[in-house]
Amino acid sequence: MHNKSLTELATDLTSGAYSSVELTQYFLDRINQYDTNLNAFITVMDEQALAMAKTADEQIAAGSAGALTGIPMAHKDIFCTDGVRTSAGSKMLDNFIAPYNATVVEKLNVAGMPILGKTNMDEFAMGSSNENSFYGKVKNPWDLERVPGGSSGGSAATVAARLAPVATGTDTGGSIRQPASLTGITGIKPTYGRVSRFGMIAYASSLDQGGVFGTSASDCALVLQAMSGFDEKDSTSSEQAVGDFSASLKDSLQGLKIGLPKEYFEEGLDSGVAKVIEDAIAEYKKLGAEIIEISLPNTHLAIPAYYVVAPAECSSNLSRLDGVRYGYRCENPKDLQDHYMRSRGEAFGDEVKRRIMVGTYALSAGYYDAYYLKAQKIRRLISEDFQQAFETVDVIMGPVAPNTAFKIGEKSDDPISMYLSDIYTIAVNLAGLPGMSVPAGQANNLPVGLQLIGNYFEEAKMLNIAHQYQQVTDHHQQMPTAFEIANINPSKGGE
Amino acid sequence: MEWETVIGLEIHAQLMTKSKIFSGSSIAYGAEPNTQANVVDLALPGVLPVLNVEAVRMAAKFGLGINAPVSQNSVFARKNYFYPDLPQGYQISQMDLPIVEMGHIDIPLEDGSTKRIGVTRAHLEQDAGKSLHEDFAGMTGIDLNRAGTPLLEIVSEPDMSSAKEAVAYMKKIHALVQYLEICDGNMQEGSFRCDANVSVRPKGQKELGTRAELKNINSFRFVERAINIEIARQIDIIEEGGSVVQETRLFDPDKDETRSMRSKEEANDYRYFPDPDLLPVRISDEFIEAIRATLPELPEAKKQRFIDEFSLSDYDAEIMTSSRPLSDYYEIVASGSGEAKLAANWVMGNLSAALNKDDKNIADSPISAEMLVGMIKRISDSTISGKIAKDVFEAMWKGEGDADSVIEKKGLKQITDSGAIETMIDEIIANNQAQVEEFRSGKEKILGFFVGQVMKASRGKANPGQVNQLLRKKLKA
């Protein structure tokens, strides 16, 4: 049951093979059974999930079910969920019960998807290893000594271990694609503005974008469809009409022009990872694609620019977390200054503090032009690189990350080396383009993701390209064996 | 040494939108604390601002009102600082690209000439909440009802050279925003607030002196007072060999002094940067033209029309157009009564004296414009004399009804029956022969005595013109 596609689950639910309550209980049981090892969830929402499942069953019985009705899922704990703790992985918000739903949550609620729980993440989405959570590190289901990637590591581990069929994530510098790659699942970050950011706790507003993890491109297409669209509550959401992401999945790739940026295959790329990517490209050739080498000359500037823009925005975005109206408040503050210093000092983790300080510095009088403005210029150059490339190619491919999953603790004392693991993903956020990670095989017995980068609002085309690959390969169907056993009888589930 | 003063004003005008600038909460004044603060105003995690287009429209209107270009591309920026009544930890304002660029407004000077004051810029921003330090022992209460209220910050050039000019400028802007119906101008409720940058320099010197920024000067009187006190303070310092420090100073109207709030060194580095949650505001020509088409008649045009149409003096017209409610009131009275000059005298005289005495705005006048029309008509048709009209006015002010019913009830109708007046005169002549002789011997001044006697006998109701005429006739007979 945990290896079924969303379409298969929907068919089963409609035919009455099992109810949504039973299906939801089945996944809750898996979470109960396996999450002690993974630590992928911050909050498991048993009661709410089953209540939502019951409502879904009523809709199914009434014949008013949609494509996703009754299929349970998980939300990254960065999406505000009405009446439920929404922590963003931080001690600061450990006591924060959101009084409203993020638009993404609202939309998927309307689609009828019971929420199994809220998944673990790097604090305020800052990190590439999910080691920066107040709620502890998340483990990679493929190797419990390794990181699942970050910041959406909880959601990625959840789907990789099949504790939920799909889960939401957010991607500011690679936080969907990198963990998807490191855990062997499919993840898509759509074009900036495609999915509403309302209710998604902001890290770096001009880069943050919600997306989804699944075990296949076709599953991702269904959920992304339900999440997407203009939201009047988010001025940066796009008014461009949302196409049908599933309609073109079956289109042929004959004549597809794939661009391979030479900068993505240079020094620093693990040879095992490189081999997997080459094999995947060979597969695309067989599907009729044409391979074109391209150049994205400003790639090397992406990380420095990102580590000015993102901290600058986060230093301001996190200012509201002052312990005055909600969130952590220190004991017995002496005065206002002491209240601010200790509330924030005691509640934020090291990486968050580091970025707030870097960002504050970058925006300071006398440094603004040298850092923030320059980074914005680099951003434009990077966008222009991509636009030039898309004049000759339909999609850009390359690795998601230079390496496979690294050991827990391996990079946690070396922020620079951690930052470098986002070298292939960050430019996509700076340009606001859609990107995907598609399982392409293994290196060192660990999953490797192939990155697809599309032009603006070409999610449907990207999903088609990924789906065609998944029709001729089975990498996306691989799951870590330790989580394969389904020792629970679904018919006993629920009430 | 002779000194020269340089003053620039920053005015915050609260815009009369229905809802806040970036959220749907009401901005109505006086609600229970925190009842007009939604998730956006509370700056909960994840919320986003959405620009209220009405605020943009009002800012554009102001731009047109000061002959300034309305920027086709303005940008919201974050001004970052921590304060408990600033929920986001930053104020959304505009920095590099404000919505209204350089414009100007003319102010009247005491010598009757006008002076053009540059308006550097006007930009949109959100107000903060209120910190209530008094009501909670050992704690501070935060009321976020005001947080997110739209403000237009209007920044002048340092073009004013006296406190009087500063007040004249402030009054002009105050009138303009009300004409434009973008701000209610209520200074007590803080809808119209002012900070002043003041510096002095030796007369003739080109470079500006070091300035102090004066806060908390939220009435025309305080502005004048605070600036004059500050000018004297700065001159004293320099004349005693010291130098003025750049700082923010608070005006204390009770102690009649300004005192230091914070120095330049203590000033925040606000770390302005473009707000990534909001798109640049693009304004089309069509948008501007649509606003231009709905602009009301502005003070300058109305003043000229009052001069032409009602034959008012420049001075009277300036006063009558100094606020929109006043000009509207006057226009009703002048047109309705057909007696423009008489109307001006009553509005500027008795009415404004009564309003001042009872500390009322013209909008709250117990005597409506229509009631005043009714009274002036009775003067012009000789039902009452100008003198009796003062009694009628007073009665109307006390709420005793309109002019006709007051005249009726109190029996104030003028006596124009010459027979009745003649009877009174005959009696008075008969009883005052000595004075009659004096008059007849050429002492014509004595006529006043007789007029007074007749008015007394008629309890003021005899038509004074008739009395005069009949007296002369009879005394000379």
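Computed from a predicted model, the values in this text were never measured in an experiment. (Residues numbered from 1 in each chain as written. Chains lettered and ligands numbered in written order. Predicted model: local features only at pLDDT ≥ 70, side-chain atom pairs only at ≥ 80, totals over all residues. Heavy atoms only, no water.)

Draft legend 1. Spotlight on the sheet that holds strand β13 (residues 257-263) of chain B. Residues and elements named next belong to chain B. In space, the eight strands of this open sheet follow the order β5-β6-β9-β1-β10-β11-β12-β13, with mixed pairing throughout. Both outer strands of the open sheet, β5 (103-108) and β13, are each paired with one neighbouring strand and no more. The mean inter-strand angle of the sheet, taken between neighbouring strand axes irrespective of direction, is 30°. The pairing of strand β1 (residues 3-14) with strand β9 (residues 150-156) spans five bridges and is classified as antiparallel. From the neighbouring strand, A13 faces β9, where its bridge partner is L152. (Pairing = 2+ DSSP bridges. Helix = DSSP H or I, 4+ residues; strand = E, 2+ residues; numbered from the N terminus. Axes fitted to C-alpha atoms, helices over the stretch in contact; angles between N-to-C directions.)

Draft legend 2. Expanded view of helix α1 (residues 6-15) of chain A. Residue and element names in this part refer to chain A. All buried positions along α1 are accounted for by L6, L9, A10, D12 and L13. Burial along α1 is one-sided: seen end-on, the buried residues are contained in an arc of 160°. Across from the buried face of α1, at angles greater than 90 degrees, the exposed residues are T14 and S15. Where α1 is buried, its residues touch α2 (20-38), α3 (46-62) and α7 (217-227). Directly beyond the C-terminal end of α1, a positive phi value near 85° is found at G16. (Buried < 20%, exposed > 50% of the residue type's maximum accessible area, 1.4 Å probe, protein only. Arc of directions from axis to C-beta. Contact = heavy atoms within 4.5 Å.)

Draft legend 3. Inspection of the pairing of β5 of chain B at higher detail. Burial of the side chains of β5 of chain B is restricted to one face: G103, I105 and I107 of chain B are buried, whereas none of H104, D106 and P108 of chain B on the reverse face is. In sequence, β5 of chain B turns back onto strand β6 (residues 114-126) of chain B through a hairpin of five residues, with G112 of chain B there showing a positive phi of about 95°.

Draft legend 4. Highlighting the layout of surface pockets. Residues and elements named next belong to chain B. One number sums up the size of the second largest pocket: a volume of about 1900 Å³. For the second largest pocket, the lining is made up of 48 residues, of which K171, H174, F220, S322 and S323 are closest to its centre. Going through the elements one at a time, α2 (163-179), α3 (220-239), α5 (299-310), α6 (314-320), α7 (324-337) and α8 (340-357) are the ones with two or more residues in the lining of the second largest pocket. No other element matches α2, which puts nine residues into the lining of the second largest pocket. Taken together, the residues of the lining of the second largest pocket sort by class into 18 nonpolar, 16 polar and 14 charged. (1 Å grid on protein atoms, 1.4 Å probe; cavity = no way out; pocket = protein on both sides within 12 Å on 5 of 7 lines; lining within 4 Å. Points joined across faces, edges and corners; volume = space filled by probe spheres on them. Nonpolar A, V, L, I, M, F, W, Y, C, P; charged D, E, K, R; others polar.)

Draft legend 5. Fine view of the pairing of β1 of chain B. Residues and elements named next belong to chain B. The buried fraction of β1 amounts to 11 of the 12 residues, a majority that puts the element mostly inside the structure. Two strands pair when backbone bridges link them, and β1 and strand β10 (residues 192-202) are joined in this way by 11 bridges, in the antiparallel orientation. Following the sheet pairing, H12 is matched in β10 by R193.

Draft legend 6. A look at the interface of chain B and chain A. At the interface, 29 residues of chain B touch 38 residues of chain A. Buried surface at the junction of chain B and chain A, both sides included, amounts to about 2800 Å², of which 59% is carbon and sulfur. Contact with chain A buries surface across chain B, with P45, F82 and R271 of chain B losing the most and accounting together for 24% of the total. If you look at where chain B meets chain A, you find one salt bridge. The partner of D277 of chain B in a salt bridge is R197 of chain A, and the shortest N-O contact between them spans 3.1 Å. (Buried area = accessible area lost by both parts, 1.4 Å probe. Salt bridge = Lys/Arg side-chain N within 4 Å of Asp/Glu carboxyl O.)

Draft legend 7. Structural detail: empty space enclosed by the protein. All names here are of chain B. Using the criterion set out here, one finds five cavities of 30 Å³ or more in the structure. Computed from the structure, the largest cavity encloses a volume of approximately 120 Å³. Residue lining of the largest cavity: 16 residues in total, with D41, Q88, Q126, A147 and G148 positioned closest to the centre. Here the lining of the largest cavity is built from residues that sort into seven nonpolar, five polar and four charged. By volume, the second largest cavity is sized at about 100 Å³. Here the residues of the lining of the second largest cavity sort into nine nonpolar, two polar and two charged.

Draft legend 8. Layout of the side chain of N317 of chain A. As for its placement among the helices and strands, N317 of chain A is situated in helix α9 (residues 302-317). According to the relative accessible area criterion, N317 of chain A is buried, its value standing at 5%. Side chain to side chain, N317 of chain A and S205 of chain A meet in a polar contact 3.0 Å long. Beyond its immediate chain neighbours, meaning those up to four positions away, N317 of chain A contacts A202, Y203, A204 and S205 of chain A together with R78 of chain B. (Polar contact = N/O pair within 3.5 Å; in protein donor to acceptor, adjacent residues only side chain to side chain.)

Draft legend 9. Highlighting the nonpolar core. Grouped together as the largest cluster of nonpolar side chains are 159 residues, with contacts concentrated most on F124, Y284, F386, M397 and L452 of chain A. No other element matches α9 of chain A, which puts nine residues into this core. Apart from residues lying up to four places away in sequence, M397 of chain A is in contact with I258, G259, L260, P261, F265, I281, Y284, L450, Q451, L452 and I465 of chain A. Formed by 65 residues, the second largest nonpolar core is a distinct cluster that contains A55, A166, V223 and I291 of chain B. (Core = buried A, V, L, I, M, F, W, Y, C linked by side-chain atoms within 4.5 Å.)

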